[in-house]
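Structural description and commentary
Listed here are the chains, written in short residue letters.
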Amino acid sequence: MDRAFAEIRTLGDPVLKEQAKPVVSFDDRLVRLATLMSEAMDREEGVGLAATQLGVLTRLIVWRHPDEDDVLRVLANPEIVEQSESCSVASEGCLSVPGASVEVSRPDEILVAGFDLNGGMIELLLQGLVARIVQHEIDHLDGRLILDRATPEERRRAMKDFRERTAAAQQ
Ligand code: NI
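These remarks concern the structure in this document. For every chain, the first residue of the written sequence is number 1, and numbering continues from 1 onward in sequence order. Residues qualify for local features only when their pLDDT is at least 70, as the model is predicted, and side-chain atom pairs are given and counted only at 80 or more; totals for whole chains, interfaces and linings, by contrast, use all residues. To get the side-chain values, all heavy atoms of the structure are used, and hydrogens and water are removed first.

Comments concerning the coordination of the nickel ion
With distances of 2.1 to 2.2 Å, the protein atoms coordinating the nickel ion are Cys94 (SG), His136 (NE2) and His140 (NE2). For Na, K and Ca the donor cutoff is 3.2 Å, while for all other metals N, O and S atoms count as donors only within 2.8 Å; water does not appear among the atoms, so some sites may look incomplete. One chain supplies every donor to the nickel ion, and in sequence these donors are spaced C-x41-H-x3-H. In this pair, His136 and His140 both sit in helix 2 (residues 129-141), 4 residues apart, roughly one turn of the helix. Put simply, DSSP H or I for four residues or longer makes a helix, DSSP E for two residues or longer makes a strand, and each gets a number counted from the N terminus.

With respect to the sheet that holds strand 6 (residues 109-115)
One open sheet holds the 5 strands; their spatial order is 1-2-3-6-7, and the pairing between them is antiparallel. Both outer strands of the open sheet, strand 1 (48-50) and strand 7 (121-127), are each paired with one neighbouring strand and no more. Between one strand axis and the next, the sheet turns through 40° on average, direction left out of account. Relative to strand 6, strand 3 (residues 71-83) is paired through 5 bridges, and the arrangement is antiparallel. Pairing of Ile80 across the sheet is with Val112, part of strand 6. Two residues form a contact once any of their heavy atoms are found within 4.5 Å. Axes here mean lines fitted to C-alpha atoms, for a helix over just the part in contact, with angles spanning 0 to 180 degrees between N-to-C directions. Where helix 2 meets the sheet, it contacts strand 1, strand 2 (60-65), strand 3, strand 6 and strand 7, and its direction lies at approximately 160° from that of strand 2. Pairing between two strands requires that DSSP report at least two bridges joining them.

Points about helix 3 (residues 152-170)
A helix is expected to span 1.5 Å multiplied by its residue count minus one. The terminal C-alpha atoms of helix 3, which comprises 19 residues, lie 27 Å apart, in line with the 27 Å expected from a rise of 1.5 Å per residue. In this scheme, a residue with accessible area under 20% of its type's maximum is buried, one over 50% is exposed, and one in between is partly exposed, where area comes from a 1.4 Å probe on protein chains only. Along helix 3, the positions that sit buried rather than exposed are Glu154, Ala158 and Phe162. Taken down its axis, helix 3 places every buried residue within 70° of arc, on the same side. Residues of helix 3 that are exposed and angled more than 90 degrees away from the buried face: Pro152, Glu153, Arg156 and Gln170. Along its buried surface, helix 3 packs onto strand 5 (101-107). The directions considered for the arc run from the helix axis to the C-beta atoms.

Structural data, given as structure tokens:
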């Protein structure tokens, strides 16, 4: 994997609809992927990123914890073990859909399990914004974008915003 490939894929790229495969080897390649992901996330000033967004179909996500000094977190094979019944709606953006935002309803609290880069098991109880970020990134691993969680009306508006942003960027 080369640095040249660390470009964030955007709406229309078929890879964003694919199901990512579980991590099986906790090796240098995985560490390198996590590094490329965090670099891309920081470069684009995002709060989270899934490997899918770099075109790599591996179940790996990174995020910066907004309530803990923006500490970088990495989770392989993340799985939501439990989620609260209470949900909240908030506006979400996505580096793969620049220029657009969508109101998404998600559980307020989740218990998420996964592995660190050494293959050690991790369980995290998350709430609020960070719970939302992690759910958004897990959606990417399942080929789901914020547009797939929008009402048809919102989806149309978001697509329009995305197209306008993309056209402006190409001028
Ligand atoms: Ni996203």
